[in-house]
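Structural overview
Here is what each chain is made of, one letter per residue.
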Amino acid sequence: MAVDSWAISPRSTMPDLIPQPLLTHFNMDRDDYRRNKTLGKNLMCRLKCLFSSSSAPESSLSLEDTQQWSQSLERLLSSKYGLATFRTFLKSEFSDENIEFWLKCEDYKKITSSHKMSSKARKIFEQFVEAESPKEINIDYQTREEIKRKVKSPTPQCFDEAQKIVYGLMERDSYPRFIRSEMYKTLLESFAADNAQR
């Protein structure tokens, strides 16, 4: 009777049965944790430098201000330090195209010159909206086509629909990840530690 080779020497195949991906996944999680913790500490140092070098009233960011970022994405983006921190977090995840697009749209709406508007609309379209663009945002085909049509004779509102979609994506996905991130937790801990020392 023929016997399978694996049945004769089970020890030779045992290493193949060890779930290596689990071990690798654990190490990756630990590395991500350390990386985000380090990013949080580095960010805290950079923000402190910004606060100390600025004499503006907004420069005195407190633990309470930082805690308020967790109330809503709108609250986070309305703070220049909150926005800077969120952008840093998204860059660390290589997913900053949505916030970059949203900010470009905010700047675009302030343009008054029709020539500048036309030029800027084309650049935004080519960078973020066009299929296969360098920082392509995740929007549906109809919205993409509608913007393509509007860019030919742009108005301040031509990116509004895409901007709403992108804001919704950030609110549902990136923002909750940011609030749960080690980067944000480390920032809060650093402010709390500073307060305790005073």
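About the criteria used
- Residues numbered from 1 in each chain as written.
- Predicted model: local features only at pLDDT ≥ 70, side-chain atom pairs only at ≥ 80, totals over all residues.
- Heavy atoms only, no water.
- Helix = DSSP H or I, 4+ residues; strand = E, 2+ residues; numbered from the N terminus.
- Buried < 20%, exposed > 50% of the residue type's maximum accessible area, 1.4 Å probe, protein only.
- Contact = heavy atoms within 4.5 Å.
- Areas by Shrake-Rupley, 256 points an atom, 1.4 Å probe, with all protein chains shown as cover.
- pLDDT = per-residue confidence, 0-100.
- Axes fitted to C-alpha atoms, helices over the stretch in contact; angles between N-to-C directions.
- Parallel < 35°, antiparallel > 145°, perpendicular 65-115°, else oblique.
- Nonpolar A, V, L, I, M, F, W, Y, C, P; charged D, E, K, R; others polar.
- Core = buried A, V, L, I, M, F, W, Y, C linked by side-chain atoms within 4.5 Å.
- Polar contact = N/O pair within 3.5 Å; in protein donor to acceptor, adjacent residues only side chain to side chain.
- Phe/Tyr/Trp six-rings, centres within 6.5 Å; stacked < 30°, edge-to-face > 60°.

- Per an unreviewed UniProt entry, the protein chain is named Regulator of G protein signaling 13, and its organism is Cyprinus carpio.

1. Quick look at the overall build of the protein chain
- Counting its secondary structure elements, the protein chain contains eleven helices and zero strands.
- Along the protein chain, helices (α) and strands (β) appear in the sequence α-α-α-α-α-α-α-α-α-α-α when read from the amino end.
- Relative to its full complement of 198 residues, the protein chain shows a buried share of 35%.
- Across the protein chain, the fraction of contacts at a sequence separation of at least 24, relative to all contacts at a separation of at least 6, is 64%.
- Put simply, the protein chain shows about 12,600 Å² of open surface, and 54% of that area lies on carbon and sulfur atoms.

2. Let's talk about the confidence of the model for the protein chain
- Considering every residue of the protein chain, the mean pLDDT works out to 81; 69% of them sit at 70 or more.
- In this model residues 51-58 is a low-confidence stretch, pLDDT under 50, and it forms eight contacts with partners more than four residues away in sequence or in other chains.

3. A look at the packing of helix α6 (residues 80-92) against helix α7 (residues 97-108)
- Two numbers describe how α6 lies on α7: the axes approach to 9 Å, and their chain directions differ by 140°. Accordingly, the angle class assigned to the pair α6 and α7 is oblique. Counted together, Leu-83, Phe-86, Arg-87, Leu-90 and Lys-91 of α6 and Ile-99, Glu-100 and Leu-103 of α7 form the full contact between these two elements.
- Partitioned by chemical class, the residues of the contact of α6 with α7 number five nonpolar, no polar and three charged.

4. Digging into the nonpolar core
- Counting residues in each nonpolar core, the largest one holds 39 residues, and the members touching the most others are Phe-86, Ile-99, Phe-101, Val-129 and Phe-159.
- Those elements that provide at least two residues to this core are α5 (73-78), α6, α7, α8 (114-129), α10 (160-180) and α11 (182-197).
- Leaving out residues up to four positions away in the same chain, Phe-159 has contacts with Phe-101, Cys-105, Tyr-108, Ala-121, Ile-124, Phe-125, Val-129, Ile-147 and Val-151.

5. Comments concerning the side chain of Arg-144
- Topologically, Arg-144 is positioned in helix α9 (residues 141-150).
- Polar side-chain contacts of Arg-144 include one of 3.4 Å to the side chain of Glu-136.
- Of the polar contacts made by the side chain of Arg-144, one reaches the backbone oxygen of Ile-139; its length is 3.1 Å.

6. Quick word on unusual backbone geometry
- Positioned with a positive phi, Phe-94 is a non-glycine residue whose angle comes to about 55°.
- Mapped onto the elements, Phe-94 comes out in the loop between α6 and α7.
- A relative accessible area of 75% means that Phe-94 is categorised as exposed.

7. Some details on the packing of aromatic side chains
- Applying the stated rule across the entire model yields eight aromatic pairs.
- Ring plane angle 75° and centroid distance 5.5 Å describe the contact between Phe-86 and Phe-178, whose orientation is recorded as edge-to-face. Here Phe-178 lies in helix α10 and Phe-86 lies in helix α6, a separation of 92 residues in the sequence. Each member of the pair, Phe-86 as well as Phe-178, carries the same accessibility label: buried.
- One aromatic cluster is present, built from ring pairs that chain together Trp-69, Phe-86, Phe-89, Phe-178 and Tyr-184.

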